Amino acid sequence: MRTRLLGFATAAIVAALGIVGPVAQTTAAPRVDGDTCVQSGGAVQYDSVAGQWKCIGGSHADEPIN
(Lines give C-alpha, C1' and ligand atoms only; values in the text may rest on other atoms or scores of the structure.)
Protein backbone atom coordinates (compact mmCIF):
# COMPACT_ATOMS: atom_id res chain seq x y z
CA MET A 1 0.00 0.00 0.00
CA ARG A 2 2.77 2.45 0.90
CA THR A 3 4.64 1.63 -2.30
CA ARG A 4 1.58 2.41 -4.42
CA LEU A 5 0.98 5.68 -2.58
CA LEU A 6 4.62 6.71 -3.00
CA GLY A 7 4.53 5.81 -6.68
CA PHE A 8 1.34 7.79 -7.22
CA ALA A 9 2.73 10.82 -5.39
CA THR A 10 5.95 10.68 -7.44
CA ALA A 11 4.00 10.43 -10.69
CA ALA A 12 1.83 13.40 -9.72
CA ILE A 13 4.86 15.54 -8.88
CA VAL A 14 6.63 14.65 -12.14
CA ALA A 15 3.47 15.43 -14.12
CA ALA A 16 3.11 18.81 -12.40
CA LEU A 17 6.72 19.70 -13.14
CA GLY A 18 6.25 18.67 -16.75
CA ILE A 19 3.38 21.12 -17.11
CA VAL A 20 4.95 24.01 -15.18
CA GLY A 21 8.45 23.74 -16.71
CA PRO A 22 7.72 25.02 -20.24
CA VAL A 23 5.51 27.81 -18.91
CA ALA A 24 8.29 29.01 -16.62
CA GLN A 25 10.76 29.04 -19.51
CA THR A 26 8.53 31.14 -21.74
CA THR A 27 7.83 33.71 -19.04
CA ALA A 28 11.41 33.89 -17.78
CA ALA A 29 12.97 35.97 -20.55
CA PRO A 30 11.07 37.89 -23.16
CA ARG A 31 12.65 37.51 -26.60
CA VAL A 32 12.73 39.98 -29.45
CA ASP A 33 13.83 39.54 -33.02
CA GLY A 34 16.82 41.30 -34.56
CA ASP A 35 14.76 43.80 -36.56
CA THR A 36 12.85 44.94 -33.49
CA CYS A 37 16.12 45.39 -31.61
CA VAL A 38 17.66 47.54 -34.35
CA GLN A 39 14.48 49.58 -34.84
CA SER A 40 14.42 50.40 -31.12
CA GLY A 41 17.93 51.88 -31.33
CA GLY A 42 19.89 48.81 -30.29
CA ALA A 43 22.38 46.50 -31.97
CA VAL A 44 22.48 42.71 -32.17
CA GLN A 45 25.60 41.20 -30.62
CA TYR A 46 26.69 37.64 -29.76
CA ASP A 47 27.40 37.04 -26.07
CA SER A 48 29.98 34.23 -26.01
CA VAL A 49 29.73 33.82 -22.24
CA ALA A 50 25.98 33.16 -22.35
CA GLY A 51 26.17 31.48 -25.77
CA GLN A 52 23.33 33.50 -27.30
CA TRP A 53 22.56 36.61 -29.31
CA LYS A 54 21.48 39.70 -27.35
CA CYS A 55 20.13 43.15 -28.05
CA ILE A 56 22.63 45.74 -26.84
CA GLY A 57 21.22 49.21 -26.19
CA GLY A 58 17.87 50.66 -27.18
CA SER A 59 14.60 49.93 -25.44
CA HIS A 60 15.27 46.15 -25.52
CA ALA A 61 18.72 46.30 -23.91
CA ASP A 62 20.14 42.94 -22.73
CA GLU A 63 17.17 40.92 -24.01
CA PRO A 64 17.91 37.64 -25.81
CA ILE A 65 17.29 37.50 -29.55
CA ASN A 66 15.06 34.83 -31.15
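Structure first, text after, so check above.
Residues numbered from 1 in each chain as written. Predicted model: local features only at pLDDT ≥ 70, side-chain atom pairs only at ≥ 80, totals over all residues. Heavy atoms only, no water.

**Q** Describe unusual backbone geometry, naming the residues involved and giving the relevant values.
**A** The phi dihedral of Asp 62 falls on the positive side, at around 65 degrees, and the residue is not glycine. Topologically, Asp 62 is positioned in the segment after strand S2 (52-56). (Helix = DSSP H or I, 4+ residues; strand = E, 2+ residues; numbered from the N terminus.)

**Q** Describe the state of the cysteines, with residues and values.
**A** A covalent bond between the sulfur atoms of two cysteines is what we call a disulfide. This model, assessed by the stated rule, comprises one disulfide. Here Cys 37 connects covalently by a disulfide to Cys 55, the sulfurs 2.0 Å from one another. Negative torsions about the S-S bond denote left-handed disulfides, and the value of about 90 degrees found for Cys 37 with Cys 55 makes this one right-handed. Of this pair, Cys 37 sits in helix H2 (residues 34-39) while Cys 55 sits in strand S2, and the two are 18 residues apart along the sequence. Like Cys 37, the residue Cys 55 is buried in the burial classification. (Disulfide = S-S within 2.5 Å. Buried < 20%, exposed > 50% of the residue type's maximum accessible area, 1.4 Å probe, protein only.)

**Q** With reference to specific residues and values, describe the packing of aromatic side chains.
**A** For the structure shown, the criterion picks out one aromatic pair. With centroids separated by 5.2 Å and ring planes inclined at 65 degrees, the aromatic side chains of Tyr 46 and Trp 53 adopt a geometry described as edge-to-face. (Phe/Tyr/Trp six-rings, centres within 6.5 Å; stacked < 30°, edge-to-face > 60°.)

**Q** Which residues make up the pattern of salt bridges, and what values do they have?
**A** Per the stated rule, a full pass over the model turns up one salt bridge. Of the charged contacts, one joins Asp 47 and Lys 54 as a salt bridge, the two residues approaching to 3.5 Å between their closest N and O atoms. You can call Lys 54 buried: its relative accessible area is 19%. (Salt bridge = Lys/Arg side-chain N within 4 Å of Asp/Glu carboxyl O.)

**Q** Residues and numbers for the pairing of strand S1 (residues 43-47), please.
**A** Looking down a regular strand, the side chains alternate between one sheet face and the other. By the bridge criterion, five bridges tie S1 to S2 in an arrangement that is antiparallel. Opposite Val 44, over in S2, you have Cys 55 as the bridge partner. A loop of four residues connects S1 with S2, the two strands running antiparallel in sequence, and Gly 51 in this loop sits at a positive phi of about 75 degrees. (Pairing = 2+ DSSP bridges.)

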